[in-house]
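Structural features, examined
This is what each chain is made of:
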Amino acid sequence: MPSRLRRSVLACPGSNPRMMEKAAACAADEVFLDLEDACAPLEKPAARGKVVEALRSHDWQGKVRVVRINQVTSQFALDDIREVVTGAGDSVDCIMVPKVRNAGDIAFVDRALGSLEQTLGLTLGAIGIEAQVEDALGLMNVEEIAFASQRMETITYGPADFSAGMQFPNLTVANTYNYPGDIFHYVLFKLAVAARAAGIQVIDGPYLLIRDIAGFREAAGRAAALGYDGKWVLHPGQIEPCNDVFTPSQADFDKAVQILEAYRHATEVERRGAVMLGDEMIDEASRKMAQQFEVRGRAAGLTPSEHVAAAAAAS
Ligand code: GLV
Ligand code: MG
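Reading the values: the criteria
- Residues numbered from 1 in each chain as written.
- Chains lettered and ligands numbered in written order.
- Predicted model: local features only at pLDDT ≥ 70, side-chain atom pairs only at ≥ 80, totals over all residues.
- Heavy atoms only, no water.
- Helix = DSSP H or I, 4+ residues; strand = E, 2+ residues; numbered from the N terminus.
- Buried < 20%, exposed > 50% of the residue type's maximum accessible area, 1.4 Å probe, protein only.
- Contact = heavy atoms within 4.5 Å.
- Polar contact = N/O pair within 3.5 Å; in protein donor to acceptor, adjacent residues only side chain to side chain.
- Donors = N, O, S within 2.8 Å, 3.2 Å for Na, K, Ca; no water.
- Core = buried A, V, L, I, M, F, W, Y, C linked by side-chain atoms within 4.5 Å.
- Salt bridge = Lys/Arg side-chain N within 4 Å of Asp/Glu carboxyl O.

This part takes up the environment of D93. Within the secondary structure, D93 sits in the loop between α3 (77–88) and β4 (94–97). For D93, a relative accessible area of 13% translates into the label buried. Once the C-alpha coordinates of D93 and R65 are considered, the two residues, 28 residues apart in sequence, prove to be 5.2 Å apart. Beyond its immediate sequence surroundings of up to four residues, D93 is in contact with R4, K63, V64, R65, A126, I127 and G128. Within the structure, D93 has its side chain in polar contact with the backbone nitrogen of R65 (distance 2.7 Å).

If you want it as structure tokens, here you go:
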């Protein structure tokens, strides 16, 4: 399946119909309706029906539609899957599974989805899985998690639960950790390696100080530099900065197109595998770097600037 656009992933409580209606109209690439931690335990059973209703009745305008169920070891998870897929299985793109600790957690969801898809006459395998890694055991096992099912579409980080589990002396998730460097660097890098090895996407988690947009941009920029596809947003004010950080700049996109064109000309017309482009040597590896940039840019709606398109057409 081609990767979906997931620059911004909006969290929305599944117990709140008004917020779900607003979420459907926002500019996030993905919305997940939450039956887990943004839903009070007493509201969880009733929230399932509200989520089904929201999935069925709103126009989600091409967004990736996801429901976060409860942890598979909880009393809620099985009924979460059953009610959501039975009620709105053809209107949900992925199930997000929180606090995944091993491949067995994913296998459980995979089998439950397969059984329901068959019973309901849905396409087998149509519903994907997003796996949240948010504790030490999950991080240790992320390699097996990333490969646990054909349905796997993302590894998603959960920094709040991770901070709690690791007993970090910090009370929020923002640029407030008293640590010389990026406290999450190892985690983010490890998740990214596992996800890329499995050929799936990797998404950073939330930034809780929702009014600190400069801090949000900085945190999102660190994930983007590691190749992350996107990051959670908790508030409409974070959406636009998030989409911006995870979209290549026009200059970089144009350069990627120029590299691709120069390399095509070098190999196909000049029959050379390594050539100069300006001050830079480019070869097959440069083509690959440029290509992933170009794919990402086009998915985000970029097109080459006029002078770049004209030069490409003339060569
Ligand atoms: C998200 O679920 C987190 O724990 O950060
Ligand atoms: Mg969490």
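Around the magnesium ion (ligand 2), the protein supplies E134 (OE) and D161 (OD) as donor atoms, at distances of 2.1 to 2.2 Å. Residue E134 is located in the loop between β5 (128–133) and α5 (136–140), and its partner D161 is located in helix α7 (residues 159–166); the two are separated by 27 residues in the primary sequence. A relative accessible area of 26% means that D161 is categorised as partly exposed.

Turning our attention to the nonpolar core. Among soluble globular proteins, nonpolar side chains are generally buried collectively. Judged by nonpolar contacts, the single largest core of 67 residues is most densely connected at L33, I95, V109, I155 and L191. By residue number, the principal contributor to this core is helix α8 (residues 185–198), which donates 6 residues. L191 has contacts with V133, L139, V142, I155, Y157, V202 and Y228, leaving out every residue within four places of it along the chain.

Our focus in this paragraph is unusual backbone geometry. Within the chain, K99 stands out as a residue other than glycine whose phi angle is a positive 50 degrees. Position of K99 relative to the elements: it lies in the loop between β4 and α4 (103–120). A positive phi is found at R271, a non-glycine position, where the angle reads about 55 degrees. Tracing the backbone through its elements, the reader meets R271 in the loop between α11 (250–269) and β9 (275–277).

As enumerated under the stated definition, the model contains 34 salt bridges in all. Note that E83 is salt-bridged to R48, the shortest N-O span being 3.7 Å. Placement of the pair is E83 in helix α3 and R48 in helix α2 (residues 44–57), with a sequence separation of 35 residues. Looking at E83, the relative accessible area reads 37%, which means it is partly exposed. Given the relative accessible area of 6%, R48 is considered buried. Residues joined by salt bridges that share partners form a network here, namely R4, R6, E30, R65, D93, E130 and E153.

With respect to the helices, strands and loops of the structure, G14 is situated in the loop between β1 (8–13) and α1 (17–24). By relative accessible area, G14 is classed as buried at 0%. Separated by 194 residues in sequence, G14 and L208 have C-alpha atoms that sit 19 Å apart. Other than its neighbours up to four places away in sequence, G14 contacts M20, D34, C39, A47, K50 and V51.

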